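Examination of the molecular architecture
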Amino acid sequence: MKTSISLYFHIPFCTKKCPYCHFYVIPNQQSFHALLDESFAKEWDLYLPLLEDKIITSIYFGGGTPSLFAPSGIKNILERIKKSQIELASSCEITLEANPEELEISLLHQLLEMGINRLSLGIQSLDDRSLQTLERTHSAKKAELAIFNANQTGFKNISIDLMYDIPDQTKASWDYTLSRIRSLPIQHLSLYNLTIEPHTSFFKRKNELQLPKPEESIQYLFSAIQTMKEMQWKRYEISAFCQEGYASHHNLGYWTYRPFLGFGPSAFSFWDNERYQNVANIQRYAKALKEKKSPVSFREKLTFPQNIKEELAVRLRLLDGIDLNFLSLLPKDTLNAMENLSNLGFLCKNNSRIYLSEKGLLFYDTVASEII
Ligand code: SF4
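**Examining a nonpolar patch on the surface**
A surface patch of nonpolar side chains, amounting to about 320 Å² of accessible area, comprises Ile218, Phe222, Leu362 and Phe363. Under the relative-accessibility criterion, Phe363 is labelled partly exposed at 40%.

Spelled out as structure tokens, the structure:
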């Protein structure tokens, strides 16, 4: 049987850098588009031999803002994959991340025609005040319109990102956002709390930011969980919710250790028990490929027992947890740590699986650090 794998393409263009963003992004310039397009072709040729006996389960265009590279850049990648005759699963999920402001109806039609079957929209909030704080370039009205347009064009698998713990956010503002999503034609939600990462604009002025207190933050999370329950959506991973049947194939791959290849500057790969990352600089990435060299700048071979501990921690993010058979792979100290975590109420067990308890879901970082 062929091994299922995933592909990730990092499109680093953004019209403006958001103050909380710690991803590798660059200005949206045409000269960079041409360079990235050429480099993707070279990188594809480099990795093609690895793919010949594999089946592609999911393709993900992330960033940055991949919709800025559409239609031609995205179409070229998809055509290259098709021409290479690597098998695509019949249910292959092909996701494109987009910001609401670029999603004109003509572009939506083109995306559907080229095979994109899932959109992931960076909505973040449906309250204009929060969007302004985040310095996003779309309004709440534009975000809702983009979702309705996408649905009417024919996209039946739409995910949105929402963020809480935004500076100056109030419970009323967050509840307003949650109330708006009830009527939207969406199938998936990725829920994040804002974290202030080093090397971001928010980090430089973190002392001036009025961030919600921890007890408020927990209330925001609980309100979101309650809304999802009322909408009869499933929480299938700590930060992911969906309508029945709409769990993200691609993200499930990350949580179940499916091998994936990442293309583009700064993209990560996980292949043959090795994790690696391309250089986070478009010129250096393109130069390496032009010189027929690898663009990888970081490589880490995962060896026992660290590999299995990390896999356990990642798999536990899924709400249905791990199969009890997985325990036979674990070293003694990890089994002891799991026993302790169960005694402290972070983990639950039934006849076949071990999974995070309500407390474990709230304090996942504690669980992960105990295991690793
Ligand atoms: S749009 Fe997304 S990727 Fe681009 S700067 Fe903002 S947060 Fe970062």
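**Description of the nonpolar core**
As a rule of thumb, nonpolar side chains are buried together in soluble globular proteins. Formed by 76 residues in total, the largest nonpolar core has its most connected members in Leu7, Phe61 and Ile116. At 7 residues, helix α1 (residues 30-51) tops the list of elements feeding residues into this core. Apart from residues no more than four positions distant in its own chain, Phe61 is found in contact with Phe9, Ile11, Pro66, Ile74, Ile77, Leu78, Ile94, Thr95, Leu96, Glu97 and Ile116. By size, the runner-up hydrophobic cluster in this structure holds 19 residues, among which are Ile322, Ile354, Leu361 and Ala368.

**Observations concerning the domain arrangement of the protein chain**
Looking at the assigned domains, one finds that the protein chain contains domain 1 (3-255) and domain 2 (307-371). Between the C-alpha centres of domain 1 and domain 2 there is a distance of 28 Å. Facing 10 residues of domain 1, the contacting portion of domain 2 comprises 9 residues. In this assembly, domain 1 packs against domain 2 so that about 890 Å² is buried in total across both faces, 69% of it on carbon and sulfur atoms. Three residues, Arg235, Ile238 and Trp255, lead the burial of domain 1 against domain 2; their summed loss comes to 60% of the area buried on that side.

**Describing helix α6 (residues 171-181)**
What α6 keeps buried is the set Ser173, Trp174, Thr177, Leu178 and Ile181. Buried residues of α6, viewed axially, fall in a sector of 135°; they line one side. Residues of α6 that are buried sit in contact with α4 (128-133), β7 (158-164), β8 (188-193) and α8 (214-230).

**Some remarks on the pattern of salt bridges**
Within the structure shown, the criterion is met by 17 salt bridges. The closest approach of N and O atoms between Glu310 and Arg275, which form a salt bridge, is 2.6 Å. Placement of the pair is Glu310 in helix α11 (residues 306-315) and Arg275 in strand β13 (residues 274-278), with a sequence separation of 35 residues. Owing to a relative accessible area of 15%, Glu310 belongs among the buried residues under this scheme. Put simply, Lys287 and Glu291 hold a salt bridge, and the shortest N to O gap is 3.3 Å. Note on Glu291: relative accessible area 39%, which makes it partly exposed.

Definitions and cut-offs
- Here, residues in each chain are numbered from 1, in the same order as that chain's written sequence.
- Residue-level local features of this predicted model are given only where pLDDT is at least 70; pairs of side-chain atoms are given and counted only at 80 or more, and the full residue set underlies all totals for whole chains, interfaces and linings.
- Only heavy atoms go into the side-chain values, all of them from the structure, while hydrogens and water stay out.
- Residues qualify for a patch when their relative accessible area is over 30% and they have no salt bridge, like charges being joined within 9 Å and the nonpolar side chains of Val, Leu, Ile, Met, Phe, Trp and Tyr within 5 Å.
- Computed with the Shrake-Rupley method and a 1.4 Å probe, the accessible areas treat only the protein chains shown as cover for residues.
- Here a salt bridge means any side-chain nitrogen of Lys or Arg lying within 4 Å of a carboxyl oxygen belonging to Asp or Glu.
- Only protein chains enter the accessibility calculation, which uses a 1.4 Å probe; a residue whose area is less than 20% of its type maximum is buried, one above 50% is exposed, and one in between is partly exposed.
- Among the buried residues, those of types Ala, Val, Leu, Ile, Met, Phe, Trp, Tyr and Cys that are joined through side-chain atoms within 4.5 Å form a nonpolar core.
- Working definition: helices are DSSP H or I runs of at least four residues, strands are E runs of at least two. Numbering for both runs from the N terminus.
- Any two residues whose heavy atoms approach within 4.5 Å are treated as being in contact.
- An automatic or database domain assignment provides the domain bounds reported here.
- In this description, buried area is defined as the sum, over both parts, of the accessible area (probe of 1.4 Å) that is lost when the two are combined.
- This arc corresponds to the set of directions leading from the helix axis out to the C-beta atoms.

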